[in-house]
Structure formats: structure tokens, C-alpha cells
Amino acid sequence: MSKKSTYGFRKFINDIHLWLGIASGIVIFLVCLSGTILAFEHEIKDAFSSSIEVEEQGNKSSVTQLVNTVKNSDLGFVTGVMLPSASDAPYEFSVKKDLKERRGSKVLVDPYTSEIHKVEKSKADGFLMSMFRLHRWLLLDINIGRPIVGIATIIFLVLSISGLVLWFPKKMKWKQIKQGFKIKTDAKWKRINHDLHNTLGFYSCILILIMGITGLCWSFEGYRNGLGDLIGAKIFDRGGRFEHQSDAKQEHTISIEEAIAKANETLDYDGELSVSFPDQRNSYYRFSKVAEASWSPVTSDKLYMDLSGKVLKVERFADKPLNTQIASLIKPIHTGEIYGMFSKVLYFIACLIGTSLPVTGTIIWINKLKKKNKRKKARPVLRKVA
């Protein structure tokens, strides 16, 4: 007489992994699929966006002259400019038809010829916006889709941890453990599918956990505030509006070129410089500069300067406490932009694996159901002998 198998801890973890995976599979598939595409969002936009070629020829026009050129083209109010570090790249001006607009549009200008090119939205922009809405809200109303994605993300975190537990064999011997590091490509398709789920899930586990932990900051405000309290810094803190009272008696005001020169003198290194011009709300220049030699393309130093050229405040990223740095990098940590192309590729692969896990996991479950049904049919029927 065979012994009945006991319902142990491993069986419990397996059941949690199975049923939570089945319940959330479709949502996880869609969120990971859209995340895979969004990993290269900027590169896709640039590939489909029109641009202008810049050739070095003579001297560059001053920023003031280029601002006036854009103004005279009747494209709107010029709110800022991005000055690239490369000499053969166009200047990117930010333009708004109405100053109440949140983002406005982008205008490229050749600094040598003053040629203007307004960047129009392409089909890729609409597609990526749909992927963004799918990733964040499943294309539903925000109040409905956001919590659904949030709950599915929590489940995905539980699945990642439970899957990691199940990845380790019952007997902790190296012979059994090393099998989980590779995919047996010469086996039958069921075994290959199992290895794809088991092995690839293991390799992507850490990045999936990072994406899940940071991704919940957009789904639940309470979670975001709690995580901020845990690390001791506010997440998504834009620093608020920099308060500065302009001097009404101020006689001397510097030009845009002088302001840029002073900013580069203070932030004395090569890099891309973004300038926000003074307006009705803010009577000062705002500068943001990313060093070419920086370990990350998303860490920038900021500088505020009044109209007379007095430096009001300098915020260097390297001088911020570690917890404040981490809090300010939650978005690039989630999207994979933190280390540039290197981390984007890793995140793309991890998201691609995450997209496959609900599929391979469902196939494993279906195969087990078929196997159980075959066993039931093959079980002999015992009859009583008179």
C-alpha cells in the first residue's frame, strides 16, 4: 500500500505560484510586453522622427539670435534650449503656443545656418503612447486600470520570490542545482518549455523584482510615501518651485550668452546643457547639465541664476545624500535608463523573459493536467471476487 504524500511547505509554495500565476497571467503578459517595447522608447521615437543634419561651417550664431529667429517664425513662445556637447548637433528649442501648456513642442535649429525644423509627432509617438497607457492602465480609465496593474505587480513580485524558492531542488546537491542554470536544448519540447520557464525566470528574477518594487510607486500613493519614508527621502520630489524675489531696482541684466557662459564656468565640465529662460512666473534662469563623463546619463547638476548674473543656487547630484540620490532615480531605475544603453538592453531582455513566463507557465500547467488525466484513465479497476 503506497504512502500518502504529505502537504508540505514546498507544495504550498507551488500552489501559490500556480494559482496566482493563472489569475494574473494575462495582465502580467500585457504589462511586460508593453514594458519590453518601452525599454527603447526614446530610440524608437528618434528612429521615426525627422531631424536636420548639421555641418560645421564658420561661426555659430548666438543663442539670442537663434531665439529671435524662432520667435519670428511664429512658432510660439521660446521657453528654453538644449545645447548639445557635440559641435555637429542641432540646438533643441522648447516652444509653446500657450504658456499654460505643460510640454509644448520641440524645434531644431542649425546653429551655423539658422535653419529651423519643427519636430512633428510621428506614428511612432501614437503607438508608444498606447504602449504607455497599456503598461500603466491597461488602456482603461486611470482609476480602474492603475490599481489592477498595481495588484498584478504585487502578484508578480510574489511569483518571482516563490519561483526562486521552487528553482532550488529538494536535495541541495550541486549536481541538481547546476541543472537550473541551463536549458537542455536536445530534450523533448515539454522539457525545453519547463527549462525556459525555470532557468530564464531565475536569470531575470533580480531585475523583475527591481522593476516591480519601483513600479508600484506609480500605482499606489500610500506605497510611494511609505517607500519614501523607508529610505528617508521623498520620491518624485521635483523640489518644488524655487522661490526668488527679483530686485525691482536692478539696473544691469546679462544676456543669454553671458548667463550660459557663467553657468558653464560654475559647472566646469563638458556635457549637455539645458536652459530654461526667465518668464512671468520665474524671474531667473534655470540650468541643468549632464556631464559626458558621468556614470549615468540621467544624473544632472542644476543651477539657478538671476537676471543680473548672480548664482542663486547650485545643486550638484554628487553632493546629495545617497538616499536622496536613490529617491530621485526611481524612474530611471524602473525604466532601465540608469546606466544608459547597457542597462536598457538588460531590462529589455528581462521584460521579454517576463512576457514569456505566463505563456511557458500556462503550458507547464496544461501538460500536468493532461498527465493527471492519462493516469486516471490508465488506473485499473479492481473488482470484488465472489
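Everything below is about the structure printed above this text.
### Topic: the sheet that holds strand β6 (residues 284–291)
1) Next: Taken in spatial order, the eight strands make up an open sheet running β4-β3-β2-β1-β5-β6-β7-β8, and their pairing is antiparallel. One side of each edge strand has no neighbouring strand; the edge strands of this open sheet are β4 (116–118) and β8 (311–315). Here the average twist between neighbouring strands, direction ignored, is 20°.
2) Next: Across the sheet, helix α3 (residues 63–72) is in contact with β1 (77–83), β2 (91–96), β3 (105–109) and β4; its angle to β2 comes to roughly 45°.
3) Next: Across the sheet, helix α9 (residues 256–266) is in contact with β1, β5 (271–276), β6, β7 (301–306) and β8; its angle to β6 comes to roughly 45°.

### Observations regarding the nonpolar core
1) Next: Within the largest apolar cluster, 26 residues are counted, with the highest numbers of intra-cluster contacts made by V63, F93, F277 and F287.
2) Next: Contributions of two or more residues to this core are made by α3, β1, β2, β3, α9, β5, β6 and β7.
3) Next: Sequence-distant contacts of F287, that is, excluding residues within four places in its chain, are made with A259, I260, A263, L273, S274, V275, D301, K302, L303 and M305.
4) Next: Judged by nonpolar contacts, the second largest core, of 12 residues, contains I28, I155, I208 and C351.

### Some thoughts on the packing of helix α7 (residues 189–219) against helix α12 (residues 341–378)
1) Next: Closest axis-to-axis distance for the α7/α12 pair is 7 Å, and the angle between their directions is 140°. In terms of orientation, α7 and α12 fall into the oblique class. Between α7 and α12 the crossing geometry is left-handed.
2) Next: The residue makeup of the contact of α7 with α12, split by class, is 15 nonpolar, nine polar and one charged.

### Thoughts on the pairing of β8
1) Next: Here four bridges tie β7 to β8, and the two strands are oriented antiparallel to one another. Across the sheet, the residue bridging to K302 is E315, located in β8.
2) Next: Counted along the chain from β7 to the antiparallel partner β8, the turn is four residues long, and its residue G309 has a positive phi close to 100°.

Each value, and the rule that gives it
- Residues numbered from 1 in each chain as written.
- Predicted model: local features only at pLDDT ≥ 70, side-chain atom pairs only at ≥ 80, totals over all residues.
- Heavy atoms only, no water.
- Pairing = 2+ DSSP bridges.
- Helix = DSSP H or I, 4+ residues; strand = E, 2+ residues; numbered from the N terminus.
- Axes fitted to C-alpha atoms, helices over the stretch in contact; angles between N-to-C directions.
- Contact = heavy atoms within 4.5 Å.
- Core = buried A, V, L, I, M, F, W, Y, C linked by side-chain atoms within 4.5 Å.
- Buried < 20%, exposed > 50% of the residue type's maximum accessible area, 1.4 Å probe, protein only.
- Parallel < 35°, antiparallel > 145°, perpendicular 65-115°, else oblique.
- Left-handed = near helix turned anticlockwise from the far one by under 90°.
- Nonpolar A, V, L, I, M, F, W, Y, C, P; charged D, E, K, R; others polar.

Keep in mind these values describe shape, not function.
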